[in-house]
Amino acid sequence: MKLETLAIHAGNIITDSHKPVVQPITLSTTFVHQPDSMIYSRAQNPNRFALESLLAKLEKGKSAAAFSSGNAAGVAVFQALPAGSHIVAPDDMYHGLRNALLTIFDDSLRVTFVDMTDPVQVADAFEAETKLLWIETPSNPLLKISDISRLSKLAKAKGAKVVCDNTFATPVFQNPLLLGADIVMHSSTKYFGGHSDILGGALIAKEEDDFWKKILNVQKTGGAVPSPFDCYYLTRSIKTLPYRMKGHAEHAGVIATFLAQHPKVERVFYPGLLDHPGHEIAANQMTGFGGMLSFLVEGGASEADRVISKLKYFTNATSLGGVESLIERRAASEGPDSKTPQNLIRVSVGLEHLDDLLEDLNEALS
Ligand SMILES: *Cc1c(COP(=O)(O)O)cnc(C)c1O
């Protein structure tokens, strides 16, 4: 099955004798004891099982685990590492997971943050106790591109696991497991949900090895699992993911080109632009460049805030991946220790009509 077909059919696992076309929501927390039945909803639930089966197929993995948020999924990976482990992570890692490493795991794990676009820096950061290489590409908010297959080879040679945060690309544009990663991580709050109304996260594994079994135990025993409602809505949303992603990427490509030519814009970060430093690697490992971009406005933070306040169709809010366009001055969102340039505006390009979006940006910038 091709991706579009999988997205629509692989999450429908229907056992009901009335043969509904869409899988019902099973709210029961407990199940009648019988051979091979599900037992208790923290451990298994039909809607979660359907969602996980779907996610494993979309990412070309063997097994998937759904969580109540993207951060819960990331934290499950860190919890599965032996105490004393060392991690190599990107210097612009998603700030929520960076904070988790620095504030929850500061006593048990050590991290070296490096520029992942430079494989030499990554190689130099490895130590004897390095157990995990964390990749995020395209990265947030600078859309930096890391070479997944090159970095995975490097980590493998050192005996470390590779986890790739694939939230920005989604399996529509990038399959890290086929490029050498061991586990893919998602914030399904973003493009999977696609309508800014579900919080969720996921991990998908290439192999069901001991490390994966530890992660499954964190999921089941830690209990940060999504509700049947959330699993149902995610499975439903994913049916349109391939078509939504095509629209997001098409719009983002045109908007990036428009902004790159605008006199008030200092710089645009979008991997689809030929002058983006990661363009060539992105063109190799992705089948589309995604719907996220960022840009620097001339005139600093106050001018960036002014532009944002004038927009009609881009809502000033954090998060991304919904059908509605969202925009924010990223440094303001990341807080006082943010390293993001103060005049950087991050855009999650939505599925409104492209002409309306372009006109809105043009008026706000003038
Ligand atoms: C949002 C996000 C996360 C965290 O996900 P939540 O669902 O907010 O917990 C992790 N990585 C990336 C790239 C994200 O955009």
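Residues numbered from 1 in each chain as written. Predicted model: local features only at pLDDT ≥ 70, side-chain atom pairs only at ≥ 80, totals over all residues. Heavy atoms only, no water.

- The name given to the protein in an unreviewed UniProt entry is Cystathionine gamma-synthase, with Rhodonellum psychrophilum GCM71 = DSM 17998 as the source organism.
- The Sequence similarities (unreviewed entry) comment attached to the protein in UniProt states, word for word, "Belongs to the trans-sulfuration enzymes family." (UniProt positions renumbered as here; feature names shortened; annotations may be inferred.)

### Observations concerning the overall build of the protein
- Secondary structure assignment for the protein yields 14 helices and 12 strands.
- Judged by the C-alpha coordinates and their principal axes, the protein covers about 70 × 55 × 35 Å.
- Expressed as a percentage of the 366 residues in the protein, the buried residues total 54%.
- Pairs at least 24 residues apart make up 69% of the contacts formed inside the protein by residues separated by at least 6 positions.
- Approximately 15,700 Å² of the protein is accessible, and the part contributed by carbon and sulfur atoms is 54%. (Helix = DSSP H or I, 4+ residues; strand = E, 2+ residues; numbered from the N terminus. Buried < 20%, exposed > 50% of the residue type's maximum accessible area, 1.4 Å probe, protein only. Contact = heavy atoms within 4.5 Å. Areas by Shrake-Rupley, 256 points an atom, 1.4 Å probe, with all protein chains shown as cover.)

### A look at the nonpolar core
- Core analysis: the biggest nonpolar cluster contains 59 residues, and I255, L293, F295 and I345 have the highest contact counts within it.
- Looking at this core, the element that brings in the most residues is helix α10 (residues 241–260), giving 7 residues.
- Shared between two domains, this core holds at least three residues of each, these being domain 1 (3–236) and domain 2 (242–365).
- Discounting residues that sit within four places of it in the chain, I255 has contacts with L293, F314, V349, L354, L357, L358 and L361.
- Of all hydrophobic cores here, the second largest spans 29 residues; its members include I87, L101, L203 and V218. (Core = buried A, V, L, I, M, F, W, Y, C linked by side-chain atoms within 4.5 Å. Domains from an automatic or database assignment.)

### Some words on the site of the ligand
- If you check the shell around the ligand, you find 14 residues, and the closest are N71, D165, S187, T189 and K190.
- Taking G70, its main chain carries an N or O atom lying 2.9 Å from an oxygen atom of the ligand.
- Residue D165 places a side-chain N or O atom 2.7 Å away from a nitrogen atom belonging to the ligand.
- In isolation the ligand exposes 380 Å². Once the protein is present, 93% of that is buried.
- Elements with a contribution of two residues or more to the shell around the ligand: α3 (70–79) and β6 (183–187).
- Its residues assigned to classes, the shell around the ligand comprises 4 nonpolar, 7 polar and 3 charged. (Near = heavy atom within 4 Å. Polar contact = N/O pair within 3.5 Å; in protein donor to acceptor, adjacent residues only side chain to side chain. Nonpolar A, V, L, I, M, F, W, Y, C, P; charged D, E, K, R; others polar.)

### Notes on helix α4 (residues 95–103)
- Those residues of α4 that fall on the buried side of the exposure criterion are G96, L97, A100 and L101. The buried residues of α4 all sit within an arc of 140° when viewed along its axis, so they share a single face.
- Next to the buried residues of α4 lie α3, β2 (86–90), β3 (110–114), β4 (130–136), β5 (161–165) and β6. (Arc of directions from axis to C-beta.)

### Section: the packing of aromatic side chains
- What the rule picks out here adds up to 3 aromatic pairs.
- With a centroid separation of 5.7 Å and an interplanar angle of 80°, the aromatic rings of F78 and F105 are classed as edge-to-face. Of the two residues, F78 sits in helix α3 while F105 sits in the loop between α4 and β3, which places them 27 residues apart along the sequence.
- Classification of F78 as buried rests on a relative accessible area of 1%.
- In this structure F105 comes out as buried when scored by relative accessible area, which is 7%.
- Residues Y232 and Y233 carry aromatic rings whose centres are separated by 5.4 Å and whose planes lie at 80° to one another, so their mutual orientation is edge-to-face. (Phe/Tyr/Trp six-rings, centres within 6.5 Å; stacked < 30°, edge-to-face > 60°.)

### Considering the domain arrangement of the protein
- When the domains of the protein are assigned, the result is domain 1 (3–236) and domain 2 (242–365).
- The C-alpha-based centres of domain 1 and domain 2 are spaced at 26 Å.
- Regarding the contact of domain 1 and domain 2, the summed buried area is about 2,800 Å², with carbon and sulfur atoms giving 62% of it.
- Its largest share of buried area at the contact with domain 2, domain 1 owes to I145, F173 and Y191, together 28% of the area lost on that side.
- In this structure, the connection of domain 1 to domain 2 is made through 1 salt bridge.
- As a salt-bridge pair, E4 and K246 come within 2.9 Å of each other at their nearest N and O atoms.
- At the junction of domain 1 with domain 2, the criterion picks out 14 residue pairs in polar contact (both at pLDDT 80 or more). (Buried area = accessible area lost by both parts, 1.4 Å probe. Salt bridge = Lys/Arg side-chain N within 4 Å of Asp/Glu carboxyl O.)

### Brief notes about a nonpolar patch on the surface
- Taken together, the side chains of I25, L27, F229 and Y233 present a nonpolar region at the surface, about 370 Å² in accessible area.
- Along the chain, Y233 turns up in helix α9 (residues 228–238). (Patch = residues over 30% accessible without salt bridge, like charges linked within 9 Å, V, L, I, M, F, W, Y side chains within 5 Å.)

### So, the sheet that holds β4
- Judged by pairing direction, the sheet is mixed, and its 7 strands sit side by side in the order β1-β7-β6-β5-β4-β2-β3 without closing on themselves. Two strands lie at the open edges of the sheet, namely β1 (63–67) and β3, each paired on one side alone. For this sheet, the mean angle separating the axes of adjacent strands, direction not counted, is 20°.
- Sheet topology note: the β1/strand β7 (residues 201–205) ladder contains 5 bridges and is antiparallel. The residue of β7 that forms the bridge with A65 is L203.
- Most of the contacts of helix α2 (residues 46–58) go to β1, to which it runs at about 125°, and overall it touches β1 and β7.
- The sheet strands contacting helix α6 (residues 148–157) are β4 and β5, and the helix crosses β4 at an angle near 175°. (Pairing = 2+ DSSP bridges. Axes fitted to C-alpha atoms, helices over the stretch in contact; angles between N-to-C directions.)

### Some remarks on unusual backbone geometry
- Here the bond from T137 into P138 is cis, since omega is -10°, no more than 30 degrees from zero.
- If you trace the backbone, P138 turns up in the loop between β4 and α6.
- Here N140 and P141 are connected by a cis peptide whose omega angle stands at 5°.
- Among the structural elements, P141 can be located in the loop between β4 and α6.
- With a phi close to 55°, L143 is a non-glycine residue in the positive phi region.
- Locating L143 in the fold gives a position in the loop between β4 and α6.
- Of note, T170 is a non-glycine position whose phi angle comes to about 60°, a positive value.
- With respect to the helices, strands and loops of the structure, T170 is situated in helix α7 (residues 170–173).
- For T170, a relative accessible area of 0% translates into the label buried.

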